[in-house]
Amino acid sequence: MLHMKKSKIISVLISETAAFLRGRCLFIIAVFFTTGIAAAVLLSLPSWVSLILIVGMAVLLFTGRRRYLGIALLALAIGCFFGSAEISGQREFPVTDGSRVEVSGKVQGYSVQMDDGRYRLRLAPQEVDGKAYYGGDIIVYANDGQQFSGGEQIKVSGQVFSYNSPGNEDAFDYNEYLRNQGIVGVVSAYYGGEITKVKDGSYFSAAAAYFRNRFIAAADLLPGDQRGLINGIFLGDKSGLDYQEKNALSASGIFHAFAVSGLNICYLLLAVSLLISYNYRRRWLRLIITIVLLVFYMMITGFTASVVRAALMGILLVLAQAFDEKTDIYTSLAVALMLCLFYHPLWLFDSGFQLSFVSVFGLVALMPVWQRILPKKGWFGKYLADGMAVTFAASFAAMPLIGYYFYIVSFAGWLISVPILPLIGFALILSLIASLIAVVSVGAAVIPLYAAGLIMDLVNRACQVVASVPLSYATIGKPLLIVIIIIYLLLLLIPLINKYRGRWWALGGFIIVIALLLTPWSNIVNGIFNDKLLEVTYLDVGQGDCALVVTPDGKTVLIDGGGSISDPDAVGEYILLPYLKSHGIDRIDLMISSHPHDDHIDGLISVLENMPVGCYIYGENFSDNSTEKRLIDLAKADGTKLIAADAGDKYNVGESVSINVYLPQQGQVTTEADANNGSLLCKLSYKRMDFLFTGDNDEIDPSVLPALALDAEIVKLPHHGSSNAFDQAFYQTLTAEAVVISVGADNNYGHPAQEVVEYWQMAGVPLYRTDLDGAITVYSNGRDWQISTYRSNND
Amino acid sequence: MQSHSQKLLSPWYDELMQLMFPQRNCLLCNAAITGAGICDDCERKRRLLWSCPRCATFVDEKEADKPCDNCLGHRRYFTLARAAVPYKQLHKQLWDFKNNQQTYYKRSFAALLAATCRQHFQGIAFDAIVPLPIAPLRMQERCYNQSQLVTAVLARDLAISHQPQLLKRVKETPPLFNIGRQQRRELLKGAFVADAAAKGKKLLLVDDIFTTGATSNEASKALLCAGADSVYVLTICSGEQLG
């Protein structure tokens, strides 16, 4: 379209858009309806505004001459109403945090086992504390052995609680996630709570539950890895996949296949057509069987967004056949979209829902373009071209969204999808057969299921290999929203570029899409306004220590990684790694651990397992420590350079940043029980700016340190501000301009101690706490510094 | 007799189908249009075609004043036969429609026939639309009569009573393509029987293809024998006689 006159481009755009929309009334209505929901939620419109809108548009529709405009605006207004009703107070859970409550209602979906072995389920309450309730669903936490399934009526007594909002930039906000799933409250029946079943579900839902449980029983007989993978692809239950599996699958772009959806429904439809070969006379039989099967499958998978989308489109397909009609895929997509959003308006903001719709749209719109780009000749054209066109089209459509939510762009994914999708399909068919056999005999079902498990194991291994190849994917950091929007507009134009300028221009368009995604726009935007600065971030990792340093020349230093005793992987996988990825960090140049305690090293283990680390520094005194050994072994296996450090060591990071180690002293011996006091103490310096990191040292004897050691502008106070570490003699030797306490909210240790907080208040030195301020970032040019906290930026 | 439910359905049934399962491409050139059928350009071109004065065969403009080879020397029982487009323009779609169960073509074909009917049979008040029945054996294989699928839609569109029961096929005939003009007539003799209810009616007989006109002619004869007032034939396509 280049070289055309501007006016011509505009007229082509208008006529092509008009041609695309022609006859697709429901598509247009869906666009307006969706826009209405988005507008109402993003602008937080109150319900009465949208009600007025509806009345106004209806009047316009029945009196005005422009009927079609009236219908479209009415759809917009109705969308507004649905959106505003969803976010209005009426849907909220009427009980405050911490208080006890009695709820009775209907179970939605199935109990899901969590990492700690206990169960979680979704409940549509009908009565709350004896009063009728019409709001959103809630999550109920249940103890071991308390499993329920869809349709059952239960009574829950327990305690209402809510999650802490995240303390780090771009962190996953669980509250917002629940909200988007239509969940407005959380009730725990863990301590002194009780759940009783009041009534069984309908026969149909009981049958679905039985079916599901038999399948799970068969899958439970498989080796651990395979069980998770099989439950993932067949039931959409991803809780059995570990972080590395998920990571490898998403890095190779296969993960979307695990959001059970189109692929599964396709194979289900295929199975029906094999069962009842298509014959005009049997079209009604086929329709009924397909609908029953698809509804059944939706129930088994617990009505997740992508399954509902695909199943609705499948039902429309057979419905069309029965009525001697043909589906228009864009209209089907629009109908599925509207039906989903009628039921769950906030699904619109769910990443899985968005990916599901965008992938199908892209698949249909971009496949013909790729078919023209890929060569048609020879064996390639015969066997590979079409399959590649499908995966390339879907990959490109999903790529910007995956970049936006998961901060990666996969290059190998499109290629590996070509052989892998048929393999997954094969595993799906075997699972489908196994699920039928399982009803009769769980033991016999293991045979096909084991074959499926082996295939999935192979797929998983292939993905891990691909993800470990350098350049198979790139960590891009969180892209700017405006860039994502521009990329989607460009993707919409590509079919037109293909039509008017030919396939090579279209290929150019795809290359520009990748280039736009890979360009670090946020860094460029920041770079215009800021000079190169040193950034030191004390992350909110709950109860624990973790500091990330990015030097002016882009080197990364990680000092401790946080962690939790109850769930060793949680901090690394849910807080630290996502934070690093969202900031485009895919490599740690220097990693330092102060001492081998869970709340300092768990995150480091996750980093070592998932990212290249240039160099790892630990205290010489811990060389024989068994926990430290684990990290040392991991680092060795990755080829990371190992340094056992003690007082007097100095390391340069990049050109201008250096790290001096002052503790442990040379030859210091530290017992396992006294690990805190063997913590590595170091100072990071950039020109005239110094940061002191003190680990968990309770007893710092200033006399053994060189005077220079304590001269730091920013000091992380030792041991999370514990009273054990309250030492006025040490504090008085500090010349700190600001102090930081890295500590979790409501921790069991009473950190930070009152006297510590008061001391610094009296001293007039600003005190920052990760439990109150969230992540704390210090920017410095080597002379001046500036501090910014997550909460002050976001409240 | 058009059933009561059919009358109630008619205004919105097809509209609902168009809304849920929109057809939006010209049957002939694939251009984007609203609704089933053909685009304005193709319709304009279609209207410029010339046919034999009696039957549906397309002929050159200069031959249009004399009967074509198919009609020459034979008695035609129908009053007038007309087709929408030449066979070569639609043979693929028609083949899929009849043999590959792509029955969704019915709305496009009905729209095309409605336009043709309005063009050629303007002002004729038909009492009923009758689809040409297919051979019983073929019905068993295919499970649907392609002409009847189209006439059901066409009848709603033109607001004419749909009466497939007026005409029955009683004799088995082999597929007629590749069979000569003379033999076709012999094979088809006595193939159709019309219902007495046809008496006194002006009928629109609809078939998919008009090749030599032998089938339509035989069916028309049966209808006239049953006392029909007159029979007009409308087909989706027909052969061409060139030069």
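Residues numbered from 1 in each chain as written. Chains lettered and ligands numbered in written order. Predicted model: local features only at pLDDT ≥ 70, side-chain atom pairs only at ≥ 80, totals over all residues. Heavy atoms only, no water.

(A) Quick peek at the overall build of chain B. When you go through chain B residue by residue, the secondary structure sums to eight helices and nine strands. Taking 243 residues into account, the globule formula puts the C-alpha radius of gyration at 18 Å, and chain B, at 17 Å, falls close to it. Considering only C-alpha atoms, chain B reaches an extent of 50 × 45 × 40 Å along its principal axes. Burial statistics for chain B: of 243 residues in total, 54% are counted as buried. Long-range pairs, those at least 24 residues apart, make up 73% of the contacts in chain B between residues at least 6 apart in sequence. (Helix = DSSP H or I, 4+ residues; strand = E, 2+ residues; numbered from the N terminus. Rg over C-alpha atoms; globule rule 2.2 N^0.38 Å. Buried < 20%, exposed > 50% of the residue type's maximum accessible area, 1.4 Å probe, protein only. Contact = heavy atoms within 4.5 Å.)

(B) Spotlight on the pairing of strand E4 (residues 128–131) of chain B. Residue and element names in this part refer to chain B. Side chains of E4 alternate between two faces, with Ala128 and Val130 and Ile129 and Pro131 buried alike. With four bridges joining them, E4 and strand E7 (residues 202–210) adopt parallel strand pairing. In the strand pairing of E7, Ala128 is matched with Leu203. (Pairing = 2+ DSSP bridges.)

(C) Molecular detail of a positive patch on the surface. Residues and elements named next belong to chain A. Side chains of Arg372, Lys376, Lys377 and Arg503 sit close together on the surface and give a patch of like positive charge. Mapping Lys376 onto the fold places it in the loop between helix H14 (351–373) and helix H15 (378–406). A relative accessible area of 59% means that Lys376 is categorised as exposed. (Patch = residues over 30% accessible without salt bridge, like charges linked within 9 Å, V, L, I, M, F, W, Y side chains within 5 Å. Areas by Shrake-Rupley, 256 points an atom, 1.4 Å probe, with all protein chains shown as cover. Salt bridge = Lys/Arg side-chain N within 4 Å of Asp/Glu carboxyl O. Lys, Arg positive; Asp, Glu negative; His and termini not counted. Charge placed at Lys NZ, Arg CZ, Asp CG, Glu CD.)

(D) Representation of a nonpolar patch on the surface within the structure. All names here are of chain A. On the surface, a cluster of nonpolar side chains totalling about 480 Å² of accessible area is made up of Leu480, Ile482, Ile486, Trp521, Ile524 and Val525. The set of elements that each furnish at least two residues to the nonpolar patch consists of helix H18 (481–501) and helix H20 (521–529). Here the element with the most residues in the nonpolar patch is H20; it accounts for three residues. Checked against the element boundaries, Ile524 lands in helix H20.

(E) Spatial organisation of the interface of chain A and chain B. Between chain A and chain B, the residue contacts involve 23 residues of the former and 23 residues of the latter. Taken together, both faces of the contact between chain A and chain B bury some 2000 Å²; the carbon and sulfur share is 60%. Across the contact surface, chain A and chain B share two salt bridges. In this structure, Arg107 of chain B engages Glu325 of chain A in a salt bridge whose closest nitrogen and oxygen atoms are separated by 2.7 Å. Put simply, chain A and chain B have nine residue pairs in polar contact (both at pLDDT 80 or more) between them. Among the secondary structure elements, those contributing two or more residues to the side of chain A that touches chain B are helix H1 (6–21), helix H2 (25–42), helix H12 (305–322) and helix H13 (329–343) of chain A. Class assignment of the residues belonging to the side of chain A that touches chain B gives a composition of twelve nonpolar, four polar and seven charged. (Buried area = accessible area lost by both parts, 1.4 Å probe. Polar contact = N/O pair within 3.5 Å; in protein donor to acceptor, adjacent residues only side chain to side chain. Nonpolar A, V, L, I, M, F, W, Y, C, P; charged D, E, K, R; others polar.)

(F) Region of interest: the environment of Arg76 of chain B. All names here are of chain B. Among the secondary structure elements, Arg76 is positioned in the loop between strand E2 (58–59) and strand E3 (80–86). Expressed as a C-alpha distance, the spacing of Arg76 and Glu218, which sit 142 residues apart in the sequence, is 9.0 Å. Not counting residues up to four positions away in its chain, the partners in contact with Arg76 are Arg54, Cys55, Asn70, Cys71, Phe210, Thr212, Gly213 and Asn217.

(G) Region of the structure containing the sheet that holds strand E19 (residues 689–693) of chain A. Residue and element names in this part refer to chain A. Strand order in this open sheet of seven strands is E16-E17-E18-E19-E20-E21-E22, and the pairing throughout is mixed. The open sheet is flanked by strand E16 (650–653) and strand E22 (767–769), the only strands paired with a single partner. This sheet shows a mean twist of 20 degrees between the axes of neighbouring strands, independent of strand direction. Of the pairings in the sheet, the one linking strand E20 (residues 714–716) to strand E21 (residues 738–741) comprises three bridges and is parallel in character. (Axes fitted to C-alpha atoms, helices over the stretch in contact; angles between N-to-C directions.)

(H) Region of the structure containing the packing of aromatic side chains. Residue and element names in this part refer to chain A. Under the counting rule described, the total for this entry stands at 42 aromatic pairs over all chains. Aromatic rings pair up to connect Phe726, Phe730, Tyr731, Tyr759 and Trp760 into one cluster. One cation-aromatic arrangement involves Arg24 over Phe20; the distance from NZ or CZ to the ring centre is 4.7 Å. Between the NZ or CZ atom of Arg118 and the centre of the ring of Tyr190, over which it lies, the distance is 3.6 Å. (Phe/Tyr/Trp six-rings, centres within 6.5 Å; stacked < 30°, edge-to-face > 60°. Lys NZ or Arg CZ within 6 Å of the ring centre and 35° of its normal.)

(I) Up close: the environment of Ile741 of chain A. Checked against the element boundaries, Ile741 of chain A lands in strand E21. For Ile741 of chain A, a relative accessible area of 0% puts it in the buried group.

(J) Fine view of H15 of chain A. Considering bend angle alone, the principal kink of H15 of chain A is centred on Leu384 of chain A and spans about 55 degrees. Of the residues flanking the end of H15 of chain A, it is Tyr407 of chain A, one or two places downstream, whose phi is positive at about 65 degrees. (Bend = angle between axes of the 7 residues up to and from the residue.)

(K) Fine view of the side chain of Asn660 of chain A. Positionally, Asn660 of chain A belongs in strand E17 (residues 657–663). Residues within four places of Asn660 of chain A in sequence aside, it is in contact with Asp649, Lys650, Leu681, Cys682 and Lys683 of chain A.

(L) Highlighting the packing of helix H6 (residues 203–219) of chain A against helix H17 (residues 442–468) of chain A. Residues and elements named next belong to chain A. Where H6 contacts H17, the two axes come as close as 8 Å, and the packing angle between them is 65 degrees. As summarised for this structure, H6 and H17 are arranged roughly perpendicular, according to the angle between their axes. Read as a crossing pair, H6 and H17 show a hand that is right-handed. Seen from H6, the contacting residues are Arg214, Phe215, Ala217, Ala218 and Ala219; seen from H17, they are Val442, Ala445, Val446 and Leu449. For the contact of H6 with H17, the per-class residue count stands at eight nonpolar, no polar and one charged. (Parallel < 35°, antiparallel > 145°, perpendicular 65-115°, else oblique. Left-handed = near helix turned anticlockwise from the far one by under 90°.)

(M) Representation of the layout of surface pockets in the model. Residues and elements named next belong to chain A. A volume near 1400 Å³ is recorded for the second largest pocket. For the second largest pocket, the lining is made up of 43 residues, of which Ser522, Asn523, Asn526, Glu535 and His583 are closest to its centre. For the lining of the second largest pocket, the secondary-structure elements that each account for two or more residues are strand E9 (473–475), H20, strand E10 (534–538), strand E11 (546–550), helix H21 (570–582), strand E23 (776–780), strand E24 (785–789) and helix H27 (790–794). In terms of residue count, H20 provides more of the lining of the second largest pocket than any other element does, four residues in total. Split by residue class, the lining of the second largest pocket holds 15 nonpolar, 19 polar and nine charged. (1 Å grid on protein atoms, 1.4 Å probe; cavity = no way out; pocket = protein on both sides within 12 Å on 5 of 7 lines; lining within 4 Å. Points joined across faces, edges and corners; volume = space filled by probe spheres on them.)

(N) View of the nonpolar core. Membership of the largest hydrophobic core comes to 77 residues, with the highest contact counts inside it found for Leu341, Phe353, Leu449 and Met456 of chain A. In terms of nonpolar packing, the next biggest core, distinct from the first, is built from 39 residues, Cys26, Cys117, Leu234 and Ile236 of chain B among them. (Core = buried A, V, L, I, M, F, W, Y, C linked by side-chain atoms within 4.5 Å.)

(O) Up close: the sheet that holds E7 of chain B. Residue and element names in this part refer to chain B. Pairing is parallel in the open sheet, where four strands are placed in the order E3-E8-E7-E4. The outermost strands of the open sheet, each flanked by one partner alone, are E3 and E4. Going across the sheet, the axis of each strand differs from the next one's by a mean of 20 degrees, ignoring polarity. Along the sheet, helix H4 (residues 105–120) contacts E3, E7 and strand E8 (230–238); its crossing angle with E8, the most-contacted strand, is approximately 130 degrees.

(P) Expanded view of the side chain of Ser359 of chain A. Residues and elements named next belong to chain A. Within the fold, Ser359 resides in helix H14. Given the relative accessible area of 15%, Ser359 is considered buried. The contact partners of Ser359, leaving out residues within four places of it in the chain, are Ala394, Ala397 and Ala398.

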